[in-house]
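Architecture at a glance
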Amino acid sequence: MQRRRTTDDPHCSLVGQDGRGAHYGSLSEEAIEIPQPSNTALDQKSTANVFSDGCTRIDFVLVWETVPWELSGQQDSRENGGLQERSASIHRTWRKKFLDKLHAAGIHMEKHMTRMEKKVVHYLLLSAPWNVLCYYAEELQLHVPLQVLPRQTSNWSASVLRQLGIPNLMAQEGPNLPLDYYTCPFKANKLRWFLGSNEKDTFFSTTQRHQILYEILATTQYGHSREREVGVDRLLSENVFTAAFPLHEGPYKLRPEELAAGSLSQRQVLFQYWASWGKWSKYQPLDHVRTYFGEKIAFYFAWLGFYTGWLLPAAVVGTVVFITGIFLMFNDVPSQEICMSKEQYWMCPLCKTCPYWQLSKICSTFMAGRLFDHGGTIFFSIFMSLWAVLFLEFWKRTNASLAHHWDCSEFEDIEERPRPQFTAMAPMTMINPITGAEEPYFPKRSRLHRTLAGLMVIMMMIAVVVMFVVSIILYRAVVAILLSSSGYFWFVASASRIASITGSLVNLIFILILSKIYISLAHFLTKWEMHRTQTKYEDAFTFKVFIFQFVTFYSSPVYIAFFKGKFVGYPGNYLSFLGVCNEECSPGGCFIELAQELLVIMVGKQIINNVQEVAIPKLKCWWHKHKLLSTKKVDEEGESVLVEPVPWVMDHQLLVFEGLFDEYLEMVLQFGFITIFVAACPLAPLFALLNNWVEIRLDAHKFICDYRRPVAERAQGIGIWFSILEAITHLAVISNAFLIAFTSDFLPRMYYKYVHDNSLHGYVNFTLAYAPWDFVLQSNTTCRYRAFRDRDGNLTLTYWQLLAVRLGFIIVFEHVVFFIGRVIAWLVPDIPESVEVKVKRERYLAKEALAENKVGCGSSSASSFKAFSALNLCRHAGKQEGSPVLLERWETRSNASVMNLAAGRDWETEQFTSS
């Protein structure tokens, strides 16, 4: 049932408007009061991030900067000074409202200020008390442990090596290995049934506490919801706050007294056993990564490691195919005929203004083409197509195992909450058919209209890219013609190379500029489409940007592979486009050009990216420290003193984590290169493997050393990237079939072997046609060119027979590969049987644990299943009926107490301790 939302709708109320009191947990008539934690000191080994009392944990840090009052009047002009003062006043107002509501919500705070030479930096440390943690843990359906689970091997390669009795050199035993548990969503009135519930300080993990604080910060309203004046993200974009982040767990470098592995913090464990270059051949400690960074980042590194492991057999087979090409190159009969031809084949010009040339001049280029164009190419294309299918099928199994192991197998369907921006802007509410809770709702028809409008904009942007690609092609053709007719020997000899290099530079500049514009446009369109959850929002944004990046990155290889040299015409009848002669392949053929293009992109782009990933974060960190924070502060007498290296100051100097999109994009584009065009470059998987071994450690080092700690986000997998990988796999089968059929010389050679001569003697003469009579009479020269035409320029019977062979090969190749792929997908189940057993066992334990205590709705059924069902009904009934009464009762109490304390607080000048 849908209903229109009003400004007084209680579901519009966010954190701080409808504060919550001491009764946290199930919102039913028998909601219990959660006992307050004792003021025992925390274990200093687990975390050093505590308030000044040495006990209260720091869960989040808010940072903002102000100008000292004695410098605030020194402005360039009165007009600019007035604008800055009005902006600062608005920011102070928003900041006060926001912090007052955080204080009213029961968040503990401690403020520190650092006085610099030209600014004051304010650090507000936030901590959630026990009752707030319990309430939001149930709201967010965070999973907590029921029973310890025996640890099992999670790496398939480790299991295979153990069964074969081979020592596993990739295994490593890291310290403080996270335990595995049977878990279920937290319920406060069943607290005593959860494992470790008597340890209030450690019951919720550090990342769960971060998630709870971020949920509060993201949903706290400081103005009008219709103006989107909600949440810390909007305040960060408006520069009201300069930073908001959870703290890393101490420094990543080891002190001499911390050399013993048992005393390492989680960050130090990850630095020593994950980000260290000496661990390049070891398994990633994924459970440690998940515990420290959350499931979304852990899934990225799990997929990257899985992909890198699967590249090993592809690289081995590709290298063998390449080595085979080396041996075939020296024994190839057509290559020997070309090299020994001397002046036998006088070739026609490649364009109207191009010179004649000798076929023997391309001896080295033609032989190099045999490295990639031979019978092994067919085998390797089929192998890589099936490899891609197997890779995706086994990743499904790995993804299912990790999703269950990390308690997020039902996250997207049941547990994921609406985005705060969607909650604020949705025009109506609706009962969720799965959870039974009333949630903000945006009509599907309206979203469909907006999505279609966004697709039209995307198509227009792609059309702009295609037009520019066409203009680059015309540019290369014009430059090549001008240089060839210039008369200078160096320009004539390098005309094609100069045109290609300058065209690539122009194309690169265009891509960089247009990418910035398009990404901003994609963000706007995705927000406008009003997606309910963060996962759907990110999937929609990823799809838009990937389509654009796919066209820009693959346009050049696609042109060389399938279009270049196919529409040139023949001597005396050259075809043109917009008055410019169409580009012809180099004398060695288009296949060797495609191989060169892929090698340049694969090797050059990867080297540049890796250098950037090493240098740019270091430079940014240095500049950030230099610009935002000085190493010295100013005391009351104006003298500089050293700043104490407190954790929040040190973490503030690090870089902001901007998401995983760029990391995924780089790897998925690489996956496309090694599958779509693998027929032209068998070494592509080897270069990808070497790059990814470096990439894993570079990314790990960035997350541990260079980035602020991101808020842990839950995820069920790699999102829409898996669907993109599936689409690339299907496209790769079609692409390789057409490459072998129309760009490679494999089928013409096979045709000549079976029809004319099995030894391939005379094959070169077979592929060359004589120039038409009209052209010979006009130029008074007889020449040859690559085609199957007669002396009148008409296509011969051989051409049509070869065309039939090529089309038949494409059909057979695609059907065979797709059929085998379907069989593989059918034989490999998506979810391992062991995972299905674990899921059933976990559900049984959850029912027993939660049904053993009496339910709060008067149900006295003896059946565990009925009790569990009644428990769910009670929870939904409590949320829908009991919550307004409870919240109203708490709001009256909080307004009389907490808000009065915050009303007179000066957040800008006061430096206070825990409240």
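Cut-offs used in this document
- Residues numbered from 1 in each chain as written.
- Predicted model: local features only at pLDDT ≥ 70, side-chain atom pairs only at ≥ 80, totals over all residues.
- Heavy atoms only, no water.
- Helix = DSSP H or I, 4+ residues; strand = E, 2+ residues; numbered from the N terminus.
- Contact = heavy atoms within 4.5 Å.
- Areas by Shrake-Rupley, 256 points an atom, 1.4 Å probe, with all protein chains shown as cover.
- Buried < 20%, exposed > 50% of the residue type's maximum accessible area, 1.4 Å probe, protein only.
- Expected span 1.5 Å × (residues − 1).
- Bend = angle between axes of the 7 residues up to and from the residue.
- Salt bridge = Lys/Arg side-chain N within 4 Å of Asp/Glu carboxyl O.
- Disulfide = S-S within 2.5 Å.
- pLDDT = per-residue confidence, 0-100.
- Axes fitted to C-alpha atoms, helices over the stretch in contact; angles between N-to-C directions.
- Parallel < 35°, antiparallel > 145°, perpendicular 65-115°, else oblique.
- Left-handed = near helix turned anticlockwise from the far one by under 90°.
- Nonpolar A, V, L, I, M, F, W, Y, C, P; charged D, E, K, R; others polar.
- Pairing = 2+ DSSP bridges.
- Polar contact = N/O pair within 3.5 Å; in protein donor to acceptor, adjacent residues only side chain to side chain.
- Core = buried A, V, L, I, M, F, W, Y, C linked by side-chain atoms within 4.5 Å.
- Lys, Arg positive; Asp, Glu negative; His and termini not counted.

Once that is clear, we can look at the overall build of the chain. In terms of regular secondary structure, the chain is built from 30 helices and 19 strands. Relative to all contacts within the chain whose residues are 6 or more apart in sequence, the contacts with residues 24 or more apart total 75%. Split by element, the accessible area of the chain, about 44,000 Å² in all, is 61% carbon and sulfur.

A large share of helix α8 (residues 286-293) lies buried, amounting to six of its eight residues. If you check which residues of α8 are buried, you get Leu286, Asp287, His288, Val289, Tyr292 and Phe293. Phi turns positive, to about 100 degrees, at Gly294, one or two residues after α8.

So, on to unusual backbone geometry. Look at Lys342: it is not a glycine, yet its phi comes out positive at around 55 degrees. The phi dihedral of Leu760 falls on the positive side, at around 70 degrees, and the residue is not glycine. Tracing the backbone shows Leu760 in the loop between α24 (746-755) and α25 (763-767).

If you check helix α18 (residues 534-562), its first and last C-alpha atoms are 39 Å apart, about what 29 residues at 1.5 Å a residue would give, namely 42 Å. At Tyr554, α18 shows its largest bend, some 50 degrees, and a proline, Pro557, comes one to four positions later.

With that out of the way, let us pick up the pattern of salt bridges. Applying the stated criterion across every chain, the model contains 17 salt bridges. Lys96 is the salt-bridge partner of Asp100, the closest N and O atoms lying 3.4 Å from each other. Of this pair, Asp100 and Lys96 both sit in helix α2 (residues 78-104), four residues apart, which is roughly one turn of that helix. A relative accessible area of 10% means that Asp100 is categorised as buried. In this structure, the salt-bridge partner of Lys296 is Glu713, at a minimum N-O distance of 3.2 Å. Separated by 417 residues along the polypeptide, Lys296 in helix α9 (residues 295-330) and Glu713 in the loop between α22 (684-706) and α23 (721-743) bring together distant segments of the chain. The buried category is assigned to Lys296, whose relative accessible area is 17%. Residue Glu713 is classed as partly exposed on the basis of its relative accessible area of 32%.

Joining two cysteines, a disulfide is a covalent bond between their sulfur atoms. On inspection of all chains with the given rule, the structure shows two disulfides. Across the disulfide from Cys339 sits Cys363; the S-S distance is 1.8 Å. Residues Cys339 and Cys363 share a disulfide whose torsion about the S-S bond is about 85 degrees; that sign makes it right-handed. Of the two residues, Cys339 sits in helix α10 (residues 333-339) while Cys363 sits in helix α11 (residues 363-369), which places them 24 residues apart along the sequence. On the accessibility criterion, Cys339 (27% relative accessible area) is partly exposed. Between Cys348 and Cys783 runs a disulfide, and the two sulfur atoms are separated by 1.8 Å. The sign of the 95 degrees torsion about the S-S bond sets the Cys348-Cys783 disulfide as right-handed.

Confidence in the prediction of the chain, expressed as mean pLDDT, is 76, and 77% of residues score 70 or more. By mean pLDDT, the top-scoring element of the chain is strand β7 (residues 243-245) (92), and the lowest-scoring one is helix α29 (residues 864-896) (34). For residues 5-47, every residue scores under 50 in pLDDT, and the model assigns this stretch 101 contacts once sequence neighbours within four places are set aside.

Moving on: the packing of helix α7 (residues 266-275) against α22. Close contact between α7 and α22 brings their axes to 10 Å; oriented N to C, the two are set at 165 degrees. With respect to α22, the element α7 is oriented roughly antiparallel. Seen from above, α7 lies across α22 with left-handed handedness. Between α7, through Arg267, Leu270, Phe271, Trp274 and Ala275, and α22, the contact on the second element is made entirely by Arg697, Ala700, His701, Ile704 and Cys705. When grouped by side-chain class, the residues that make up the contact of α7 with α22 number seven nonpolar, one polar and two charged.

So, on to the sheet that holds strand β3 (residues 108-115). Within a sheet, each strand pairs with its neighbour through backbone hydrogen bonds, oriented either parallel or antiparallel. With respect to topology, four strands assemble into an open sheet ordered β3-β4-β2-β7, the strand pairing being antiparallel. What marks the edges here is a single partner per strand, and that holds for β3 and β7. Geometrically, the sheet is characterised by an average inter-axis angle of 15 degrees between neighbouring strands, direction not taken into account. Two elements, strand β2 (residues 60-66) and strand β4 (residues 120-127), share seven bridges in a ladder whose sense is antiparallel. Bridging from a neighbouring strand, Trp64 pairs with His122 of β4. Strand contacts of helix α5 (residues 206-219): β2 and β4, with the helix running at about 45 degrees to β2, the strand carrying the most contacts.

Here the focus is the environment of Ser237. Its place among the elements puts Ser237 in helix α6 (residues 232-237). By relative accessible area, Ser237 is classed as exposed at 52%. Within the structure, the side chain of Ser237 is placed 2.7 Å from the backbone oxygen of Arg234, a separation counted as a polar contact.

Attention now goes to the environment of Pro313. Mapped onto the elements, Pro313 comes out in helix α9. The exposure class of Pro313 is partly exposed, given its relative accessible area of 38%. In this structure the C-alpha to C-alpha distance between Pro313 and Trp387, which are 74 residues apart in sequence, comes to 9.1 Å. What Pro313 contacts, discounting residues up to four positions off in sequence, is Phe383 and Trp387.

Here the focus is the nonpolar core. The biggest cluster of nonpolar side chains holds 122 residues, and the ones touching the most others in it are Trp303 and Trp387. Top element by residues in this core is α9. It accounts for 18 residues. Among residues more than four places away in sequence, those in contact with Trp303 are Phe391, Trp395, Tyr664, Met667, Ile718 and Leu725. Core analysis: the next-biggest nonpolar cluster, separate from the first, contains 40 residues, Ala128, Leu133, Leu142 and Ile212 among them.

Next up on the list: the environment of Ala771. Here Ala771 shows up in the loop between β18 (768-770) and α26 (773-779). Sequence-wise, Ala771 and Asp790 are 19 residues apart; in three dimensions their C-alpha atoms are separated by 8.4 Å. Not counting residues up to four positions away in its chain, the partners in contact with Ala771 are Cys348, Val776, Cys783, Tyr785 and Arg791.

Within the secondary structure, Glu695 sits in helix α22. Buried charged residue Glu695 carries no salt bridge. Nearest counter-charge: Lys702, at 5.4 Å. Not counting residues up to four positions away in its chain, the partners in contact with Glu695 are Leu304, Asn610, Glu613, Glu663, Glu666 and Met667.

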